Amino acid sequence: MEEASEHNKKQSVPVLPWMRSPIDVTLFHECPLNLLPFLDPRLEVALENMGFTSLFPVQVAVWQETIGPGSCERDLCINSPTGSGKTLAYALPIVQMLSTRAVRCLRALVVLPTRDLAVQVKEVFAAIAPAVGLSVGLAVGQSSIADEISELIKRPKLEAGICYDPEDILLDLESSVDILVATPGRLMDHINSTKGFTLEHLCYLVVDETDRLLREAYQSWLPTVLQLIHSSVGSLFPHANTFFSSPFGSLKTIRRSGVERGFKGKSYPRLVKMVLSATLTQDPGKLSQLDLHHPLLLTTGQRRYQLPEQLESFKLICESKLKPLYLVALLQTLQGEKCIVFTSSVESTHRLCTLLNFFGDLQIKIKEYSGLQRQFVRSKTLKAFRAGEIEVLVSSDAMTRGMDVEGVRNVINYDVPAYIKTYIHRAGRTARAGQAGRCFTLLRKEEVKRFKKLLQKADNNSCPVYSVPSDSIESFRSTYTSALEKLKESVKSETYRKHKFKFKSSGMVKGKEKNSKV
Ligand SMILES: Nc1ncnc2c1ncn2[C@@H]1O[C@H](COP(=O)(O)OP(=O)(O)OP(=O)(O)O)[C@@H](O)[C@H]1O
């Protein structure tokens, strides 16, 4: 036992020296808005309109590091639990710092891994930025690229009858937004193809859900962004080559020194980076991709992984084949409360959701949410879940990170997560912003030991068994048998439809080929 805990301690010492002397967010207290130093009164009103009366500890800690004397000299790495308010922790200081800007251009870029997350973060910015005259844009592929471009880029007004030089028109293109929230794919589309889209004035780069974004390369968006920014800084020096020959073609990025900045006498504004996660990586190789400038770590407590304080964890032990029955009985005991049920794959999400909907006597509105669905279906489901029209969402890990839905009281791991990070992000969809929440995990007997070890990584030694009433389980047995039969039928007909569709579309392609030959 001692050996194991010694091993854990050893494992938790980060390799990078700057990670060993973090700022501990637990030493900060909530701060009423009227006591927050330097807060722009217009932003105070905007926050009050959101229903906020104080800042959470992580928000106070980041505020201290970003606003006021000596601020923004280091890049910030923020590792604080799910639901602790990391979004506003970066959004508020960025908006306040940009509130004195005179000319509109793209100054802050926030990158998130998924569309729904980006939409959510954009809403936070949109609630405060207009109060100080700033405009926020979204680049996520929610609308057509043409619509998105017209939202992001302002075209000069052309007078009829005058012949314009296209080069001049290009020079007159301006950004319509000060802050852009983007997913990597659409960001790359704009970098590569949108005329007038430039990162030359960028002052703030936020990489939210950092460990997820660093895990996947997404068309090399990060090296591309960093290279574009570096090239624009280099161009401020008189002998620097203003034309950047790069793998990105003829892109020209010149950071204009004429644009006002208040960076304490430095000749050019340094790009300030903020990276965030509830499970921030400590891997030096991964972090080095971010090219951080004297990074400062803000973290909560001593442990690398933290669960929200108000979260209670429970386990339900049952045989594999009885899992659906236990789940149904559990859902019935939780009736009326918003729940998210996580499974291990998009396929099992679909199957489980279909099965649950065959339990007619359950009378709970249940929908699925997974990467297998089209974006508009997912967004519609999410909207209905937020509005309380759906009580239970059966989800793949598409919902695991960052999603903030008010009133989710329970998270259920139908399939036990393989990693502590997954457990933390899934469980973190409840017990947010200091609210209470419960996370239930269905386990087979042989999974119990491994699960206990998994939870210990987040210092959680209390995960009692939750017993669902046996008469409730019994009452669903007969429906379960018929629901399983219906599921088999449904899977069969879906498979048939899929094959038919495949056959049809391949036939159509062949047909076209024949025609084109004729
Ligand atoms: N100062 C505040 N006062 C009251 N509520 C707040 C405050 N700041 C944030 N919240 C609320 O707290 C919830 C969680 O915030 P947020 O989504 O930023 O958490 P997070 O730390 O980014 O979580 P995750 O790691 O899961 O992404 C949101 O519903 C948000 O509206």
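Cut-offs and rules
- Residues numbered from 1 in each chain as written.
- Predicted model: local features only at pLDDT ≥ 70, side-chain atom pairs only at ≥ 80, totals over all residues.
- Heavy atoms only, no water.
- 1 Å grid on protein atoms, 1.4 Å probe; cavity = no way out; pocket = protein on both sides within 12 Å on 5 of 7 lines; lining within 4 Å.
- Points joined across faces, edges and corners; volume = space filled by probe spheres on them.
- Helix = DSSP H or I, 4+ residues; strand = E, 2+ residues; numbered from the N terminus.
- Nonpolar A, V, L, I, M, F, W, Y, C, P; charged D, E, K, R; others polar.
- Domains from an automatic or database assignment.
- Polar contact = N/O pair within 3.5 Å; in protein donor to acceptor, adjacent residues only side chain to side chain.
- Contact = heavy atoms within 4.5 Å.
- Pairing = 2+ DSSP bridges.
- Axes fitted to C-alpha atoms, helices over the stretch in contact; angles between N-to-C directions.
- Phe/Tyr/Trp six-rings, centres within 6.5 Å; stacked < 30°, edge-to-face > 60°.
- Buried < 20%, exposed > 50% of the residue type's maximum accessible area, 1.4 Å probe, protein only.
- Lys NZ or Arg CZ within 6 Å of the ring centre and 35° of its normal.

Per an unreviewed UniProt entry, the protein goes by the name DEAD-box ATP-dependent RNA helicase 1 and belongs to Camellia lanceoleosa.

Visitor: Explain the layout of surface pockets to me, please; I cannot follow it from the model alone.
Guide: One way to see where empty space is left: roll a probe the size of a water molecule over the atoms. Empty space within the largest pocket amounts to approximately 1,200 Å³. Lining the largest pocket are 43 residues, with Phe52, Gly83, Asp404, Arg432 and Ala433 sitting closest to its centre. Those elements that provide at least two residues to the lining of the largest pocket are α4 (86-98), α5 (115-128), β11 (272-277) and β17 (408-413). No other element matches the 6 residues that α5 contributes to the lining of the largest pocket. When the residues that make up the lining of the largest pocket are grouped by side-chain class, the tally is 16 nonpolar, 16 polar and 11 charged. Looking at the lining of the largest pocket, you find at least three residues from each of domain 1 (12-157 + 170-299) and domain 2 (311-494).

Visitor: Whenever I open this one, the side chain of Glu148 confuses me. Can you help?
Guide: With respect to the helices and strands, the residue Glu148 is situated in helix α6 (residues 145-152). For Glu148, the side chain forms a polar contact with the side chain of Arg186, separated by 3.0 Å. At 2.6 Å, the side chain of Glu148 forms a polar contact with the side chain of His190. Aside from chain neighbours lying at most four places away, what touches Glu148 is Leu138, Ala139, Val140, Gly141, Gln142, Ser143, Arg186 and His190.

Visitor: Teacher, can you tell me more about the sheet that holds strand β18 (residues 437-443) here?
Guide: Strands in a sheet are paired, the pairing made by backbone hydrogen bonds, and the direction either parallel or antiparallel. Here 6 strands make up an open sheet; going across it, the order is β13-β18-β17-β14-β16-β15 and the pairing parallel. Pairing within the sheet leaves two strands with one partner each, and these edge strands are β13 (311-317) and β15 (366-369). Strand-to-strand twist of the sheet, defined as the mean angle between neighbouring strand axes without regard to direction, takes the value 20 degrees. As judged from the 7 bridges shared by β13 and β18, these two strands associate in the parallel manner. In the strand pairing of β18, Ile317 is matched with Leu443. The strands touched by helix α15 (residues 420-427) within the sheet are β13, β14 (338-342), β17 and β18, with β17 carrying the most contacts at an inclination of about 150 degrees.

Visitor: Please explain the packing of aromatic side chains as it appears in this structure.
Guide: How two aromatic rings sit relative to each other is given by the distance of their centres and the angle of their planes. Applying the stated criterion to the full structure yields 7 aromatic pairs. When the centroid spacing of 5.5 Å and the interplanar angle of 20 degrees are considered together, the rings of Phe314 and Phe440 count as stacked. Here the residue Phe314 occupies a position in strand β13, and Phe440 occupies one in strand β18, the gap between them amounting to 126 residues. Between Phe440 and Tyr466, the aromatic rings sit 4.9 Å apart at their centres with planes inclined by 80 degrees, giving edge-to-face as the arrangement. Highlighted residues: Phe440 in strand β18 and Tyr466 in the loop between α16 (448-456) and α17 (470-517), separated in sequence by 26 residues. A residue is classified by how much of its surface remains accessible, and Phe440, at 0% relative accessible area, is buried. For Tyr466, a relative accessible area of 22% puts it in the partly exposed group. Pairwise contacts between aromatic rings join Phe314, Phe440 and Tyr466 into one cluster. Stacked on the ring of Phe385, the Lys or Arg Lys338 has its end atom at 5.5 Å from the ring centre. Positioned above the aromatic ring of Tyr369 is the side chain of Arg378, whose terminal nitrogen or guanidinium carbon lies 5.5 Å from the ring centre.

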